[in-house]
Amino acid sequence: MDRPVRIAVALSSMKSEQWTEPLRAACAQAGVAAQFELWDGRRIDARYAVVWLPPPELFAVETGLRAVFNAGAGVERLLAMPGLPPNLPILRLVDAGMAPKMAEYVCFYIARITRGLDRFGGPDALRDWNADRPRGTPPAVGVLGLGAIGAQIARAAQLFGYRVRGWSRTPKAVDGVESFAGAARLTEFLAGTQILVDALPLTGETRNLLDRTRLSQLPRGAHLINVGRGETIVDEDLLALLDQGHLASAVLDVFRAEPLPAEHRYWHHPRVTVTPHLSGPTPREPAAQQIAAAIAALERGAAASSLAGYVDRSRGY
Ligand code: NDP
Ligand code: OXD
């Protein structure tokens, strides 16, 4: 009988020990005999690794890796790790149950904003049966990034009756969503967006994309929801535009520094809602199934670059 495939698990804050059993079960179901080991710094001669912010020495010690699986969607920190072998294929999760949760999160905040739902809670709750109801044209929602997550957010907002537009590098066909592609169309996209949702990966091109110039291209009174990455926004510029009233509010789930430092202005700003990077937690079972299916394909001889979630290092996502 073949020896089981050895797989290192190094998931830092994601509690590695809770992943080995779902990963083993998913591999067994996919027809792969696999042995998952919590990586503790000693060489286990792993063929694959499942990681989230792993210790950098993993790559120096486990020199027989054929592919590494990122237990999340964003790979910017993995790509920046010193010692990451230049030709080691990286596979990231594609949706894996994160996208619907993020669409739920975004639509929840869109509803709070557009329907004024905050009026009805807390100690100062409005107790007025005749309170205003919005009956006009719903605001335009613009989603930056129409990938696995952005497209799901766009579809969900569209289902709730919003006019939805999306911006991506290449043109997209998402039902009912107006597609804007490339830097040349960003100004036009922003000018027609009242609620901006950032679902971009962090790359050389998206870092600091939303600066004073770009955010000022949104119409006065626009709102921002960021579930992509904190570094896509220039914090001082966002705060200045909120203070000046050009932007009405920001809901931020991701930050340049995480945890968000206690003294950061975002925590106390009256127009900012801070959530602690929880819009899209990685659900274990669907993630394990996606990783297991990819391992099974690799074991059958598939090229990593042919699999969903293969990271194109030249693009950075
Ligand atoms: P995808 O790779 O599927 O989608 C990325 C999208 O961004 C694509 O539509 C891509 O365009 C677009 N894009 C990338 N670069 C540019 C650019 N320079 N100009 C215009 N469009 C660009 O990623 P996912 O949807 O799976 O994930 C997106 C991000 O969400 C992750 O990278 C991560 O940062 C974040 N995330 C946050 C979570 C949270 O809990 N807050 C959880 C999970 C993810 P094209 O399709 O044309 O290439
Ligand atoms: C991810 C995240 O990238 O959780 O998956 O932010």
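To keep things clear, this report deals only with the structure shown in the data block.

How each quantity is defined
- Residues numbered from 1 in each chain as written.
- Chains lettered and ligands numbered in written order.
- Predicted model: local features only at pLDDT ≥ 70, side-chain atom pairs only at ≥ 80, totals over all residues.
- Heavy atoms only, no water.
- Near = heavy atom within 4 Å.
- Polar contact = N/O pair within 3.5 Å; in protein donor to acceptor, adjacent residues only side chain to side chain.
- Areas by Shrake-Rupley, 256 points an atom, 1.4 Å probe, with all protein chains shown as cover.
- Helix = DSSP H or I, 4+ residues; strand = E, 2+ residues; numbered from the N terminus.
- Salt bridge = Lys/Arg side-chain N within 4 Å of Asp/Glu carboxyl O.
- Pairing = 2+ DSSP bridges.
- Axes fitted to C-alpha atoms, helices over the stretch in contact; angles between N-to-C directions.
- Contact = heavy atoms within 4.5 Å.
- Parallel < 35°, antiparallel > 145°, perpendicular 65-115°, else oblique.
- Left-handed = near helix turned anticlockwise from the far one by under 90°.
- Nonpolar A, V, L, I, M, F, W, Y, C, P; charged D, E, K, R; others polar.

1. Looking at the site of ligand 1
Near ligand 1, the surroundings consist of 29 residues, among which Ile149, Thr170, Lys172, Glu205 and Tyr317 are the closest. Within the contact set of ligand 1, a nitrogen atom lies 2.9 Å away from a backbone nitrogen or oxygen of arginine 169. Expressed as a share of its isolated accessible area of 940 Å², the protein-covered part of ligand 1 is 94%. For the shell around ligand 1, the elements supplying multiple residues, two or more each, are helix H4 (98–115), helix H5 (148–159) and strand S7 (163–168).

2. A short note on the pattern of salt bridges
This model, assessed by the stated rule, comprises 14 salt bridges. Put simply, aspartate 40 and arginine 42 hold a salt bridge, and the shortest N to O gap is 2.4 Å. Connected through salt bridges with shared partners, the residues Glu76, Arg77 and Arg229 form a single ionic network.

3. Looking at unusual backbone geometry
With an omega of -5 degrees, the peptide bond running from glutamate 258 to proline 259 counts as cis. Residue position: proline 259 is located in the loop between strand S11 (247–252) and helix H9 (265–268). One non-glycine residue, alanine 96, lies in the positive phi region at around 45 degrees. One can find alanine 96 in the loop between strand S5 (90–92) and H4.

4. Notes on the sheet that holds strand S10 (residues 222–226)
If you trace the 7 strands from one edge of the open sheet to the other, you get S8-S7-S6-S9-S10-S11-S12, paired in parallel fashion. The sheet is open, and its two edges are formed by strand S8 (177–181) and strand S12 (272–274), each paired on a single side. Here the average twist between neighbouring strands, direction ignored, is 15 degrees. When strand S6 (residues 140–144) meets strand S9 (residues 195–198), the two strands line up parallel, connected through 4 bridges. Across the sheet, the residue bridging to valine 141 is isoleucine 195, located in S9. Strand contacts of H4: S6, S9, S10, S11 and S12, with the helix running at about 160 degrees to S10, the strand carrying the most contacts. Across the sheet, helix H8 (residues 235–243) touches S10, S11 and S12, and the angle it forms with S11 is around 140 degrees.

5. Some details on the packing of helix H1 (residues 20–29) against helix H10 (residues 284–299)
Where H1 meets H10, the closest approach of the two axes is 8 Å, and the angle between their N-to-C directions is 45 degrees. Overall, the two elements H1 and H10 adopt an arrangement that is oblique. Taken as a pair, H1 and H10 cross one another with a handedness that is right-handed. When H1 is examined against H10, the residues Pro22, Leu23, Ala26 and Cys27 are found in contact with a partner set consisting of Arg284, Glu285, Ala288, Gln289, Ile291, Ala292 and Ile295. When grouped by side-chain class, the residues that make up the contact of H1 with H10 number 8 nonpolar, 1 polar and 2 charged.

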